[in-house]
Structures are given as C-alpha cells and as structure tokens.
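Here are the chains, one letter per residue:
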Amino acid sequence: MKKARRRIDVNLEELDRVLDGAREAPLSESDHGKLRDALHALAELLVRTRNTEKMIGKPEGSEAGTQADDNATPPPGHGRNGAEAFGGARKVDIKHQKLTHGDRCPECGKGNVYGQKEPKVLVRIVGQAPLSATVYSLERLRCGACGQVFTAQEPDGVGTDKYDETAAAMIAQLKYGAGTPFNRLEQLESQLGIPLPAATQWEIVEEEAQVIKPARDELIRQAAQGTVVHNDDTGMRVLMLKRDPSDERTGVFTSGIVSVGEGHKIALYFTGGRHAGENLAEVLKQRSAELPSPIQMCDALSRNVPKLPAGVEILLANCMAHYLERGFIWSSFAGMVSVGTE
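Reading the values: the criteria
- Residues numbered from 1 in each chain as written.
- Predicted model: local features only at pLDDT ≥ 70, side-chain atom pairs only at ≥ 80, totals over all residues.
- Heavy atoms only, no water.
- Helix = DSSP H or I, 4+ residues; strand = E, 2+ residues; numbered from the N terminus.
- Buried < 20%, exposed > 50% of the residue type's maximum accessible area, 1.4 Å probe, protein only.
- Contact = heavy atoms within 4.5 Å.
- Areas by Shrake-Rupley, 256 points an atom, 1.4 Å probe, with all protein chains shown as cover.
- Salt bridge = Lys/Arg side-chain N within 4 Å of Asp/Glu carboxyl O.
- Axes fitted to C-alpha atoms, helices over the stretch in contact; angles between N-to-C directions.
- Parallel < 35°, antiparallel > 145°, perpendicular 65-115°, else oblique.
- Left-handed = near helix turned anticlockwise from the far one by under 90°.
- Nonpolar A, V, L, I, M, F, W, Y, C, P; charged D, E, K, R; others polar.

Participant: Got a minute to help me understand the overall build of the chain in this structure?
Facilitator: The helix and strand inventory of the chain stands at eight helices and eight strands. In the chain, which comprises 342 residues, the share counted as buried stands at 19%. Pairs at least 24 residues apart make up 46% of the contacts formed inside the chain by residues separated by at least 6 positions. Summing over all exposed atoms, the chain offers an accessible surface of approximately 27,500 Å²; the carbon and sulfur share of this is 53%.

Right, here's the structure in full:
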C-alpha cells in the first residue's frame, strides 16, 4: 500500500527569518527542524515516480527492468507534434507477442498482467511519390489445340480506370491547393519513375471537375448571402478560351471574390473575359431578397463596381487612399455609399 505523504506547512517569511538569523548566530533546535522539514518536502516533490514498465524479450546485453537514467538526453525524433496530431496517418495496432490480458506476470510470478488504457505510441514517417502506380501482370495461357487464351482474373478493387478518383483529387490539391504547377509535378513524378504528362493532368482535372460542379454552385449561392464581399481581378494568360461571338474584348482576367459571412469565408475565382464587377454582379443575382445590402470592399477602379438591376443595392466601401485619388474627402469614416443602377 502506498505510504501517505505527511503534510508540512511552510511559511516562506519564517524561513527567510531563520536564514537571516543564521548569519548572526547558530541555528536553534526549532529553526533547524523547520529548515530540515522544508528541504525534505522539496526533495519528495523532485523525486520521480519509479517506472515499472518491463520489456519482455529484450535484446541480449540489456538488463531487463533497468530503470532509465533521469539525466539521460531523450532520443532524437521527438518533435513538437504528438501522435494525436497525425490524423491522416495509417493506424496499426500491435498485440504483445508473448502476453495477453490476464496472464501470470513473468517477472514476479505472483500477480496477473492487465491491459492498459493507453498504449505506447510510435510515429514513423516514410517518403513516397505524391502519385504512386501499381503494375499488374495477369498471367495468360493459350490452348495448343483450339487457340483459346485464358487470362488470370484481376484482384478485387483494381477498377477499370487507369487514374482513379484519388489520383484526380491529389493532382487538383497539388495544383490548386498547394500551388504546384503541372509541369513541376510532371518532372517530379518522372524522376520517381512514374510518367505523368502535364497535358494528362489537365485532362484528368477537367473531367473530374464536372463531378464537383454542384458543390461549386452551392458555394456561389452561399457566397451571395455574405455580409461583406471583397473583389478584384488581374490579367491572366489562357491558351484557349471560348468566347461569345459578340464579345469584342481581347483580354482575359481572373477575378477573386471573397465573401465573409457568419463564422466563415468563401473564396471564389472566375477566369474569362469578364471583369471583377461583372463577376460579382453574377454572384449577387443569387442573393436572397430578404437580406440587407452587403458591403463591398474594393479599390476605386470603376470595373470593380457591379452594374446591378433596379432595386438592388450594395454599400460600396473603398480604402481612404483610393477615395482621395477619386477626389472624395470625408470628415469621418471613409465610408459607405449606396450603389445601384447607373
């Protein structure tokens, strides 16, 4: 049974008085007892609990049950992230090779061993290609009499597509989530022995984009309900862009629209012949009529302001620098002006 730790009341002011008095005269019996009790209490707090973990079947040359040196430096590889931070890691449960729950203890031979709530956890990280490939060689046999060829059945889960949905998702994530160009990914995969041309990557992403189009449309609808919208655009080079026959523009732009709602932000990107204001007007067509006018944050460029139908208004908020460029002088907050139809 664990011995109960006795209670010791320590008065720091009294200990300071005892130490100051020790400079002038020898310690009295009572003062000596107070210092001794305080030091013993401190020593009990600093003593570590004995580790009772045993390694069964340890390699030769190591003493079973030897307690680790308290002053030894921890082994390398213990980073800032605990095992719980690796949510995407593959989990492997390993049973004890010699003991099971309820077995007799091999150390003392008296008690039984019982499973612990928390296992010992090891994290091991390996390198691999962003996209890996598997080559299946199906054996074929041919009849010498009739010429019929018999081919081995492919394993379950192989599928019929060369590039499955996980490959398409990884390519899209690397390109549009991590900013890895198609050509750079092609070079990396080639160095790892997996050919993946940039043109093939684009075809894969273009095909799979149709599958998630409903999710994109829902994001646009939710972005239209935001309380604050930011928009701007920049020039973009596109090799092949379908245009309306009546469109006389030659430029191509990518418009960025960020919609801020309650507890979330939605970022939308539109590439084509439209300017930022025109793309924002298309988004706001899906705004609920019951909602108040949204606040639009942008610079003072005229093509950032949407042309809205009658009855639809926004509150346009430019930064102070752009207001001064346009000749507006405001004595208070650089503000909010109602913008409707032209």
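Participant: Is there a simple way to explain the pattern of salt bridges in this structure?
Facilitator: One side chain can pair with another of opposite charge once the charged atoms of both are near each other. Within this structure, the stated rule accounts for six salt bridges. As a salt-bridge pair, Arg 221 and Glu 218 come within 2.8 Å of each other at their nearest N and O atoms. Residue Arg 221 and its partner Glu 218 are located together in helix α6 (residues 213-223), separated by three residues, close to a single helical turn. Residue class for Glu 218 comes out partly exposed when judged on its relative accessible area of 32%. Across the salt bridge formed by Asp 233 and Arg 303, the nearest N and O atoms sit 4.0 Å from each other. Here Asp 233 is found in strand β3 (residues 228-235), whereas its partner Arg 303 is found in the loop between β6 (295-297) and β7 (314-317), with 70 residues between them in sequence. Residue Asp 233 is classed as buried on the basis of its relative accessible area of 12%. Connected via shared salt-bridge partners are Lys 213, Arg 216 and Asp 217.

Participant: How should the packing of helix α1 (residues 12-22) against helix α2 (residues 29-46) be read in this particular structure?
Facilitator: The packing of two helices is summarised by the inter-axis angle and the distance between the axes. As a packed pair, α1 and α2 sit with axes 10 Å apart at the nearest point and diverge in direction by 125 degrees. By the angle between their axes, α1 is oblique relative to α2. For the pair α1 and α2, the crossing hand works out as left-handed. Facing Glu 14, Leu 15, Arg 17, Val 18 and Leu 19 of α1, the residues of α2 in contact are Asp 31, Lys 34, Leu 35 and Ala 38. Taken together, the residues that form the contact of α1 with α2 break down as five nonpolar, no polar and four charged.

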